[in-house]
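Chain by chain, the residues:
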Amino acid sequence: MTPDFMTHVLLLVLDLLGTFVFALSGALTGVRRQLDLFGVLVLSFAAGNAGGITRDLLIGATPPAAIADWRYLAVSVLAGIVTFYRYGLIERLKNPVQMSDAAGLALFAVAGAQKALAHGLNPAMAALLGMLTGVGGGILRDVLVTQIPTVLRADLYAVAALAGAAIVVAGDWLHLPPTLSILTGAAACFGLRFMAIRYGWHLPRAMGAQEPPA
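Residues numbered from 1 in each chain as written. Predicted model: local features only at pLDDT ≥ 70, side-chain atom pairs only at ≥ 80, totals over all residues. Heavy atoms only, no water.

**Q** What is the right way to look at the nonpolar core in this model?
**A** Nonpolar side chains tend to gather and get buried jointly when the protein is soluble and globular. Among the nonpolar cores identified, the biggest contains 31 residues, and Leu-14, Leu-105, Val-110, Val-168 and Ile-182 are the most heavily contacted of them. Of the residues forming this core, the biggest block, 10 residues, is contributed by helix 6 (residues 96-118). What Ile-182 contacts, discounting residues up to four positions off in sequence, is Leu-10, Leu-11, Leu-14, Val-110, Gln-114 and Val-168. (Core = buried A, V, L, I, M, F, W, Y, C linked by side-chain atoms within 4.5 Å. Buried < 20%, exposed > 50% of the residue type's maximum accessible area, 1.4 Å probe, protein only. Helix = DSSP H or I, 4+ residues; strand = E, 2+ residues; numbered from the N terminus. Contact = heavy atoms within 4.5 Å.)

If you want it as structure tokens, here you go:
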């Protein structure tokens, strides 16, 4: 098998895994908001595929993989059904939404950056598109349940995605094996997000600002 074929397979696997874990976070949010089965599946698909669809449209990869390939719908529905009928089991895991969201963020950020590079984008835009791919699903998920998107309020969310994507871009510039860059970038993104959740790491905030009245 050629290196290009191996990279293609790796990107597909990362895309599907990212879709599943982001769909899981969407389904968990839907169940917590007491949506019915259809609502949970809609939120599951939206969270799992919004980032990838946005990425594909921006780089001209049409129709987007999430629409053209039945496997993306299948893994989204699977995540939604498993969560809907086994919510109690999943909820017993520590911070299930945050952890699945962090995993999806890492997988989508590196896959988005690598796919952007493959379509000829310059390094800076490839890193930014990787970040957008990572945060897109979470933004739509949060908007659909009328809450402030995590990317605007969470500690080191978009920054973690950008760091993971930047590692992929740097690896390409240094002519490192794509698999090494992708796995390193994903680990760095997930690690940053996990540490931010665990220890409350965050960027500076405006001094003296207060929450608006409800």
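**Q** Please clarify how the side chain of Asp-15 should be interpreted in this entry.
**A** In this fold, Asp-15 is placed in helix 1 (residues 3-32). Residue classification places Asp-15 among the buried residues on the basis of a relative accessible area of 5%. Of the polar contacts made by the side chain of Asp-15, one reaches the side chain of Tyr-72; its length is 3.0 Å. In this view, Asp-15 contacts Arg-55, Tyr-72, Phe-108 and Ala-111; residues no more than four positions away in its chain are not counted. (Polar contact = N/O pair within 3.5 Å; in protein donor to acceptor, adjacent residues only side chain to side chain.)

**Q** Please explain empty space enclosed by the protein as it appears in this structure.
**A** One simple way to see leftover space: roll a probe sized like a water molecule over the atoms. All chains considered together, the criterion is met by 1 cavity of 30 Å³ or more. The calculated volume of the largest cavity comes to roughly 50 Å³. Forming the walls of the largest cavity are Asp-15, Thr-19, Gly-48, Asn-49, Gly-52, Arg-55, Asp-56, Ala-65, Ala-66, Tyr-72 and Phe-108. Secondary-structure elements contributing two or more residues to the lining of the largest cavity are helix 1, helix 2 (37-59) and helix 3 (65-68). (1 Å grid on protein atoms, 1.4 Å probe; cavity = no way out; pocket = protein on both sides within 12 Å on 5 of 7 lines; lining within 4 Å. Points joined across faces, edges and corners; volume = space filled by probe spheres on them.)

**Q** Quick question: what am I supposed to make of the pattern of salt bridges here?
**A** Opposite charge on two side chains permits them to pair, given that their charged atoms come into close proximity. Under the criterion given, the structure shown has 6 salt bridges. In this structure, Asp-69 and Arg-71 form a salt bridge, with 2.7 Å as the shortest nitrogen-oxygen distance. One salt-bridge network, in which partners are shared between bridges, spans Asp-15, Arg-55, Asp-56 and Lys-115. (Salt bridge = Lys/Arg side-chain N within 4 Å of Asp/Glu carboxyl O.)

**Q** Honestly, unusual backbone geometry in this entry has me stumped. Any pointers?
**A** Comment: phi is negative for the bulk of residues other than glycine, and the bulk of peptide bonds are trans. The step from Thr-62 to Pro-63 runs through a cis peptide bond, and the omega angle for that step is -10°. Mapped onto the fold, Pro-63 is located in the loop between helix 2 and helix 3. Here the phi dihedral of Gln-34 falls at roughly 60°; this positive angle occurs in a residue that is not glycine. Tracing the sequence through the fold places Gln-34 in the loop between helix 1 and helix 2. A residue is classified by how much of its surface remains accessible, and Gln-34, at 73% relative accessible area, is exposed. You will see that His-175, though not glycine, has its phi angle at about 60°, which is positive. Residue His-175 is classed as exposed on the basis of its relative accessible area of 71%.

**Q** It is not clear to me how helix 4 (residues 70-85) should be interpreted in this structure. Could you clarify?
**A** Residues spaced three or four apart along an α-helix point in a common direction, a consequence of the helix completing one turn every 3.6 residues. Counted at 1.5 Å a residue, the expected span for helix 4 with its 16 residues is 22 Å, and the 23 Å between its end C-alpha atoms agrees. Within the sequence span of helix 4, burial applies to Tyr-72, Val-75, Ser-76, Ala-79, Gly-80 and Thr-83. Down the axis of helix 4, the buried side of the element spans an arc of 135°, and every buried residue falls inside it. When the buried face of helix 4 is taken as reference, the exposed residues oriented beyond 90 degrees from it are Trp-70 and Tyr-85. (Expected span 1.5 Å × (residues − 1). Arc of directions from axis to C-beta.)

**Q** Please clarify how the side chain of Thr-29 should be interpreted in this entry.
**A** Secondary-structure assignment places Thr-29 in helix 1. Look at Thr-29 and you get buried, because its relative accessible area is 10%. At 2.9 Å, the side chain of Thr-29 forms a polar contact with the backbone oxygen of Ser-25. When residues no more than four places from it in sequence are discounted, the contact partners of Thr-29 are Leu-43, Val-97, Arg-141 and Val-145.

**Q** Would you mind going over the environment of Ile-67 with me for this structure?
**A** Looking at where Ile-67 falls in the secondary structure, it is placed in helix 3. For Ile-67, a relative accessible area of 59% puts it in the exposed group.

**Q** Teacher, can you tell me more about the packing of aromatic side chains here?
**A** All chains considered together, the criterion is met by 3 aromatic pairs. With a centroid separation of 5.6 Å and 45° between ring planes, the pair formed by Phe-22 and Phe-108 is classed as tilted. Taken together, the positions of Phe-22 in helix 1 and Phe-108 in helix 6 put the pair 86 residues apart, joining distant regions of the chain. Each member of the pair, Phe-22 as well as Phe-108, is classed as buried. (Phe/Tyr/Trp six-rings, centres within 6.5 Å; stacked < 30°, edge-to-face > 60°.)

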